[in-house]
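# Residue-level structural notes
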Amino acid sequence: MRPSPFHRVRALLRRPALRCTGLICAALALSSLPAAPAQALSCGSNNGYTCTGSSDQYAGGFAPGVGHGGFGGGSCSASRTPVVFIHGNGDSAISFDMPPGAVSGYTTPAQSPYAAFKAAGYNDCELFGITWLSASERASPQGNYHKPATYQTLKTFIDKVRAYTGKAQVDIVAHSLGSSMAMAMIHKHAYQASVRRFINIAGGIRGLQTCRLTGYQSALAQTCNAEAYVYPYDHYTFGLYPSTGVGFYGYNRWTGTGSSSLRSLPASWSGIRFYTLTAGLRDQVHCFTTSWAATCDAGALYAPASNVIAQLDVGVGSTAYLYDWDWADGSPLNLAGGDYNGVGHFRSLANTGAIQVRMLDTTCSSDCAATYSPMNGPAAVR
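Residues numbered from 1 in each chain as written. Predicted model: local features only at pLDDT ≥ 70, side-chain atom pairs only at ≥ 80, totals over all residues. Heavy atoms only, no water.

### Thoughts on the packing of helix H5 (residues 148-165) against helix H6 (residues 177-188)
Interaxial distance between H5 and H6 falls to 9 Å at its minimum, and their mutual angle equals 85 degrees. As summarised for this structure, H5 and H6 are arranged roughly perpendicular, according to the angle between their axes. Across the interface between the two elements, Pro148, Thr150, Tyr151, Leu154, Lys155 and Ile158 of H5 pack against Met181, Ala182, Ala184, Met185 and Lys188 of H6. (Axes fitted to C-alpha atoms, helices over the stretch in contact; angles between N-to-C directions. Helix = DSSP H or I, 4+ residues; strand = E, 2+ residues; numbered from the N terminus. Parallel < 35°, antiparallel > 145°, perpendicular 65-115°, else oblique. Contact = heavy atoms within 4.5 Å.)

Take a look at the structure:
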């Protein structure tokens with residue numbers, strides 16, 4: 001029996017665990033070894049999607065007192081703008097040290113995003129991450145959505161980073177649900193003056209076309225809901241349903257086309273330089289179904305604006321909606337999408353550390369992938 005549409009969504013909102021044998025297991029074991037150079041943050045063992053290292057890797061007296069773990073701090077001082085890493089749904093901060101995955105036909109990047117920043121000269125007092133989801137929330141990602149309490153957690157953490165480093169601004173590198181969460185936080189708290197640059201990686205900026213399978217209000221998949229019409233009404237509570245534009249029937253100003261939508265907000269925050277990394281049709285969260293394939297590959301993109309500096313499609317490998325016919329993982333669907341044999345939703349983060357560094361450390365625009373493409377994979381301008 002084929003899985004129902006909802007169960008496909010729920011499975012894809014979870015991080016899949018891969019089974020392995022023989023050479024595949026050996027490759028995964030090698031991928032879990034610490035990356036050079038020596039670094040403060042450690043992913044620990046992993047299955048290519050989830051790190052299992054210590055949840056709390058703070059040091060140097062940095063104790064933000066919010067969230068459910070994270071990293072940052074040491075015997076150093078910050079000279080650069082500090083970077084705050086904000087993870088995605090079902091994930092944790094330490095996954096920014098996830099080793100890159102191998103992609104057929106390309107050289108595997110040498111370092112995780114965190115290690116790439118360390119190799120570029122960033123120190124432990126310039127790199128910070130927060131786990132903003134609890135253990136139970138990470139175990140049930142389909143129930144997580146945007147809400148003011150989370151915005152306050154993110155703002156408080158960044159305020160602590162600014163106080164610890166003595167810097168007025170931070171750079172944000174955010175993945176998946178973390179991208180839209182961070183943007184909603186900036187909007188809620190009028191926080192744009194505290195952010196210098198923002199890298200959105202695979203965020204649901206235009207919503208998730210796959211959420212159309214669950215409907216715009218579902219108690220079982222709240223991450224896919226539209227605006228929540230609950231008392232007292234607060235439009236800052238929302239999910240990633242693509243807006244219908246019709247009040248009470250799937251209206252969602254955040255994923256729509258108005259001036260206050262996520263895609264349009266950069267134009268209102270001219271002091272922030274925005275960048276996007278997307279896997280396009282290889283993104284298994286945005287595009288695991290053919291039903292909305294015509295628009296799903298644009299789900300992470302901002303509307304053009306003078307301060308939207310570069311938006312790159314780094315996807316490669318199988319399209320996310322292909323059948324794999326290998327039922328070893330219990331499903332006829334290629335749950336890993338482009339990450340199965342290329343760059344999809346998760347590797348658009350793990351494999352692109354070199355691009356992320358250039359986006360924050362240079363004034364790149366058309367050449368932000370100069371140290372990545374074509375050796376490590378494609379990087380098409382969107």
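### Here's the deal with the packing of aromatic side chains
Scanning the model with the defined rule gives 18 aromatic pairs in all. Relative to Tyr241, the ring of Tyr216 has its centre 6.0 Å away and its plane inclined at 70 degrees; by these criteria the two rings are edge-to-face. Of this pair, Tyr216 sits in the loop between strand E6 (195-201) and strand E7 (273-278) while Tyr241 sits in the loop between E6 and E7, and the two are 25 residues apart along the sequence. With relative accessibility at 8%, the residue Tyr241 sits in the buried group. Each ring, one from Phe238 and one from Trp254, has its centre 4.5 Å from the other, and the planes form 5 degrees; the classification is stacked. Of the two residues, Phe238 is situated in the loop between E6 and E7 and Trp254 in the loop between E6 and E7; the sequence distance between them amounts to 16 residues. We note that Phe238, like Trp254, is buried. Of note, Lys147 hangs over the ring of Tyr145, and the distance from its end group to the ring centre comes to 5.2 Å. (Phe/Tyr/Trp six-rings, centres within 6.5 Å; stacked < 30°, edge-to-face > 60°. Buried < 20%, exposed > 50% of the residue type's maximum accessible area, 1.4 Å probe, protein only. Lys NZ or Arg CZ within 6 Å of the ring centre and 35° of its normal.)

### As for the state of the cysteines
Here the structure, examined in full by the defined rule, presents five disulfides. Note that Cys287 is cross-linked by a disulfide to Cys296, the S-S spacing being 2.0 Å. With the S-S dihedral at roughly 115 degrees, the linkage between Cys287 and Cys296 falls on the right-handed side. Across this residue pair, the class does not change: Cys287 and Cys296 are buried. (Disulfide = S-S within 2.5 Å.)

### Here's the deal with the environment of Ala380
Along the polypeptide, Ala380 turns up in strand E9 (residues 380-381). Judged by its relative accessible area of 41%, Ala380 falls in the partly exposed class. Between the C-alpha atoms of Ala380 and Thr278, which are 102 residues apart in sequence, the distance is 9.7 Å. The contact partners of Ala380, leaving out residues within four places of it in the chain, are Gln311, Leu312 and Asp313.

### Some details on helix H9 (residues 353-361)
A large share of H9 lies buried, amounting to seven of its nine residues. Among the residues of H9, those classed as buried are Gly353, Ile355, Gln356, Val357, Arg358, Met359 and Leu360.

### Some details on the sheet that holds E7
Spatially, E1-E2-E4-E3-E5-E6-E7-E8-E9 is the arrangement adopted by the nine strands of the open sheet, whose pairing is mixed. In the strand order of this sheet, the two ends are held by strand E1 (56-58) and E9, each with one partner. The pairing of strand E2 (residues 70-72) with strand E4 (residues 127-130) spans two bridges and is antiparallel. Paired with Phe71 across the two strands is Gly129, which belongs to E4. Strands E1, strand E3 (83-86), E4 and strand E5 (170-175) of the sheet are contacted by H5, whose axis makes an angle of about 155 degrees with E4. (Pairing = 2+ DSSP bridges.)

### Some words on the pairing of strand E8 (residues 308-313)
With six of six residues buried, E8 is to be regarded as a mostly interior element. Relative to E8, E7 runs parallel, the two sharing five bridges. Its bridge partner being in E8, Leu277 is matched across the sheet by Leu312.

### Examining a nonpolar patch on the surface
A cluster of nonpolar side chains, contributed by Val246, Phe248 and Tyr249, occupies part of the molecular surface with about 360 Å² of accessible area. Turning to its location among the elements, Tyr249 is positioned in the loop between E6 and E7. The exposed category is assigned to Tyr249, whose relative accessible area is 54%. (Patch = residues over 30% accessible without salt bridge, like charges linked within 9 Å, V, L, I, M, F, W, Y side chains within 5 Å. Areas by Shrake-Rupley, 256 points an atom, 1.4 Å probe, with all protein chains shown as cover. Salt bridge = Lys/Arg side-chain N within 4 Å of Asp/Glu carboxyl O.)

### Some words on the confidence of the model for the chain
Averaged over the chain, the pLDDT score is 87; the fraction of residues at 70 or greater is 85%. Taken together, the stretch residues 1-38 has pLDDT below 50 and engages in 57 contacts with residues farther than four places along the chain or on a different chain. (pLDDT = per-residue confidence, 0-100.)

### Things to note about the pattern of salt bridges
A complete count under the given rule lists 11 salt bridges for this structure. Ionic pairing is found between Asp361 and Arg80, a salt bridge with its closest N-O pair at 2.9 Å. Separated by 281 residues along the polypeptide, Asp361 in helix H9 and Arg80 in the loop between E2 and E3 bring together distant segments of the chain. Since its relative accessible area comes to 36%, Asp361 is described here as partly exposed. Judged by its relative accessible area of 23%, Arg80 falls in the partly exposed class. Close ionic contact of Arg196 with Asp171 constitutes a salt bridge, the shortest N to O distance being 2.8 Å. In this pair, Arg196 is assigned in strand E6 and Asp171 in strand E5, connecting sequence segments 25 residues apart. Within this structure, Arg80, Glu126 and Asp361 form a network of salt bridges that share partners.

### Some points on the side chain of Asn89
Within the secondary structure layout, Asn89 lies in the loop between E3 and helix H3 (113-119). Classification of Asn89 by relative accessible area gives buried; the value is 11%. Of the polar contacts made by the side chain of Asn89, one reaches the backbone oxygen of Pro141; its length is 2.8 Å. (Polar contact = N/O pair within 3.5 Å; in protein donor to acceptor, adjacent residues only side chain to side chain.)

### Points about unusual backbone geometry
Residues Ser373 and Pro374 are joined by a peptide bond in cis, for which omega reads 10 degrees. Residue placement: Pro374 occurs in the loop between H9 and E9. The backbone of Ala202 sits at a positive phi, close to 60 degrees, despite the residue not being glycine. Assessed through its relative accessible area of 2%, Ala202 is described here as buried. The backbone phi angle of Phe248 is positive, close to 70 degrees, even though this residue is not glycine. When its relative accessible area of 58% is taken as the criterion, Phe248 is described as exposed.

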